[in-house]
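The residues making up each chain are set out below.
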Amino acid sequence: MNEVISTTKRVAVVGATGYAGAELTAILARHRGVELVGLYSSSGGASAPVTPSAPTLVAQPFTLEALLDQSPDVTFLATPNEVSATLAPQLLDHGIQVIDLSGAFRLGEAALYPAWYGFAHERPALLDEAVYGLTEWCNGELKSARLVANPGCYPTSILLALRPLTYVIDRDQPVICDSKSGVSGAGKKSDSAWSFAELYGNFKAYGVGHHRHEPEIRQGLRLGDRAPLVFVPHLLPTFRGILSTMHVAFVRPMTSEEVAAAYARAYANAPLVRVLPAGELPELKNVVNTPRCDIGYTLIQGGRRAVIVSVIDNLLKGAASQAVQNFNRMCGFAETEALT
Ligand SMILES: NC(=O)c1ccc[n+]([C@@H]2O[C@H](COP(=O)([O-])OP(=O)(O)OC[C@H]3O[C@@H](n4cnc5c(N)ncnc54)[C@H](OP(=O)(O)O)[C@@H]3O)[C@@H](O)[C@H]2O)c1
């Protein structure tokens, strides 16, 4: 039976014409507790339909004044990192809750931003306040959040798969995360290296040792500075989807039953995470265009090591649908409202 929705939130989206923002807008447009009061793209752009499939959803050139005129309760930022870093504090100062899809508020330490993101944080206190919105690992904190830092797409796929097992992962041995993403991970405005002409019939690794998601993964796994993490992102010749393969060693031999029990404890009440039986590995095609994460694992070497595979849609569980999951929890709607 459908839940009765008695409250409505006034919601705005900045960056509504981007890959993530368009998905987000489409989800919010069917959300029964949302009144979409403003859709914006870059201030240089003209008014433009957010997606061809919904010609009535039109984004306006962004100005802070235009957004404030609409008095949104919540604003989603699906904007580049630097834009979010500037805009989120301004919106918070006007009493507007913010869910930011960029990396501007994901890292707890301001000192990491110049090296990994190329800018210094002007409001580092907000890094302490921001709730890292890996939804399944949030408890009550989303309910009182003013600012949610929506996780990165690669970190979402990796952290959902590894967090339930961190208690038994051997931190003296490398945690290897080998991730492959469809091209939409780079957004609309990317250079020729990300164009389909370059990627079709091709497959390549990139960003090894300097991808922005590396400190986020390290932070999310509580690995500290020194424990060995090897993160290797790759580009798949597909439009959307991420498949991450993780190689971990355990501090003691594990059985399939123990691993299954750890996942069951973590995700018993998680409607959008599906853990497959031992030895069954997930496939991209089963999650693309869904808000779900699928996880599978195989124990090797007598249970002393495991290969764990997770799949998500980078634009949904890796961005837009997770942002709406967080919004749903924040505002007291059913977690899967507008998502399933
Ligand atoms: N793509 C993914 O898989 C993914 C996953 C997780 C998180 N994210 C994060 O989500 C954010 C958006 O990513 P995306 O891939 O959707 O990027 P995108 O396709 O390049 O879209 C960026 C959006 O931001 C708007 N924008 C740019 N500068 C602006 C400004 N100064 N004021 C207002 N709007 C501005 C753009 O408008 P115009 O088009 O008019 O310039 C566009 O709507 C990024 O921070 C990204 O890191 C993306």
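Please read these numbers as outputs of a predicted model, since none were measured by experiment.

A.B. asks: How should the pattern of salt bridges be read in this particular structure?
C.D. replies: A side chain with one charge can pair with a side chain of the opposite charge if their charged atoms come near. By the definition in use, this model includes 14 salt bridges. In this structure, Lys317 engages Glu136 in a salt bridge whose closest nitrogen and oxygen atoms are separated by 2.8 Å. On the criterion of sequence distance, the pair formed by Lys317 in the loop between strand 15 (305–312) and helix 10 (320–331) and Glu136 in the loop between strand 7 (131–132) and strand 8 (147–149) is long-range, its members being 181 residues apart. Accessibility assignment for this pair places Lys317 and Glu136 in one class, buried. Linking Lys180 and Asp178 is a salt bridge whose minimum nitrogen-to-oxygen distance equals 3.1 Å. Take Lys180: its relative accessible area is 13%, and that puts it in the buried class. What emerges from the salt-bridge pattern is a single network uniting Glu23, Arg240 and Asp313.

A.B. asks: What should I look at first to understand a nonpolar patch on the surface in this one?
C.D. replies: Residues Phe196, Tyr200 and Phe239 make up a contiguous nonpolar surface patch of roughly 350 Å² in combined accessible area. Mapping Tyr200 onto the fold places it in the loop between helix 7 (196–199) and strand 10 (204–205). For Tyr200, a relative accessible area of 66% puts it in the exposed group.

A.B. asks: Just checking my understanding: could you explain helix 8 (residues 213–220) for this structure?
C.D. replies: Helical geometry note: an α-helix holds 3.6 residues per turn, so side chains three or four residues apart project in the same direction. Of all eight residues making up helix 8, seven are buried, and the element is well covered by its neighbours. Along helix 8, the residues that are buried comprise His213, Glu214, Pro215, Glu216, Ile217, Arg218 and Gly220. Arg222, located one to two residues past helix 8, shows a positive phi value of around 55 degrees.

A.B. asks: Would you take a moment to explain the domain arrangement of the chain for this structure?
C.D. replies: Interface size is commonly expressed as the accessible surface area that is lost when the partners come together. Annotation of the chain at the domain level lists domain 1 (9–150 + 319–331) and domain 2 (154–312). Taken over C-alpha atoms, the centre of domain 1 sits 25 Å from the centre of domain 2. In this complex, domain 1 contributes 18 residues to the contact, which on the side of domain 2 involves 26 residues. In total, domain 1 and domain 2 occlude about 2,000 Å² of area from one another, counting both sides; carbon and sulfur atoms represent 57% of this. When residues of domain 1 are sorted by the area they lose upon contact with domain 2, Tyr19, Trp116 and Trp137 head the list and together hold 37% of the total. One can count two salt bridges joining domain 1 with domain 2. Going through the elements one at a time, helix 1 (19–29), helix 4 (112–117) and helix 10 are the ones with two or more residues in the side of domain 1 that touches domain 2. A class-by-class count of the residues in the side of domain 1 that touches domain 2 yields eight nonpolar, seven polar and three charged.

A.B. asks: Just checking my understanding: could you explain the nonpolar core for this structure?
C.D. replies: If you look at soluble globular proteins, the nonpolar side chains tend to sit buried side by side. Counting 41 residues, the largest nonpolar core has Leu162, Ile295 and Ile308 as its most contacted members. Elements supplying a minimum of two residues to this core: helix 6 (153–162), strand 9 (175–181), strand 11 (229–235), strand 12 (242–249), helix 9 (256–267), strand 14 (293–300) and strand 15. For this core, the element with the most residues is helix 6, which contributes seven residues. Beyond its immediate stretch of four places on either side in the chain, Leu162 contacts Ile169, Val175, Cys177, Leu221, Met246, Val248 and Ile308. Val34, Val50, Leu57 and Ala323 belong to the second largest nonpolar core, which has 35 residues in total.

A.B. asks: Would you take a moment to explain the site of the ligand for this structure?
C.D. replies: Taken together, 27 residues lie near the ligand, and Thr17, Ala20, Thr79, Lys188 and Lys189 sit nearest. Contacts to the ligand include Gly15, whose backbone N or O atom sits 3.3 Å from an oxygen atom. Between an oxygen atom of the ligand and a side-chain N or O atom of Thr17, the distance comes to 2.7 Å. Protein contacts shield 84% of the accessible area of the ligand, which totals 910 Å² for the unbound molecule. Of the residues assigned to the shell around the ligand, the class counts are twelve nonpolar, twelve polar and three charged. Taken domain by domain, the shell around the ligand gets at least three of its residues from each of domain 1 (9–150 + 319–331) and domain 2 (154–312).

Cut-offs used in this document
- Residues numbered from 1 in each chain as written.
- Predicted model: local features only at pLDDT ≥ 70, side-chain atom pairs only at ≥ 80, totals over all residues.
- Heavy atoms only, no water.
- Salt bridge = Lys/Arg side-chain N within 4 Å of Asp/Glu carboxyl O.
- Helix = DSSP H or I, 4+ residues; strand = E, 2+ residues; numbered from the N terminus.
- Buried < 20%, exposed > 50% of the residue type's maximum accessible area, 1.4 Å probe, protein only.
- Patch = residues over 30% accessible without salt bridge, like charges linked within 9 Å, V, L, I, M, F, W, Y side chains within 5 Å.
- Areas by Shrake-Rupley, 256 points an atom, 1.4 Å probe, with all protein chains shown as cover.
- Domains from an automatic or database assignment.
- Contact = heavy atoms within 4.5 Å.
- Buried area = accessible area lost by both parts, 1.4 Å probe.
- Nonpolar A, V, L, I, M, F, W, Y, C, P; charged D, E, K, R; others polar.
- Core = buried A, V, L, I, M, F, W, Y, C linked by side-chain atoms within 4.5 Å.
- Near = heavy atom within 4 Å.
- Polar contact = N/O pair within 3.5 Å; in protein donor to acceptor, adjacent residues only side chain to side chain.

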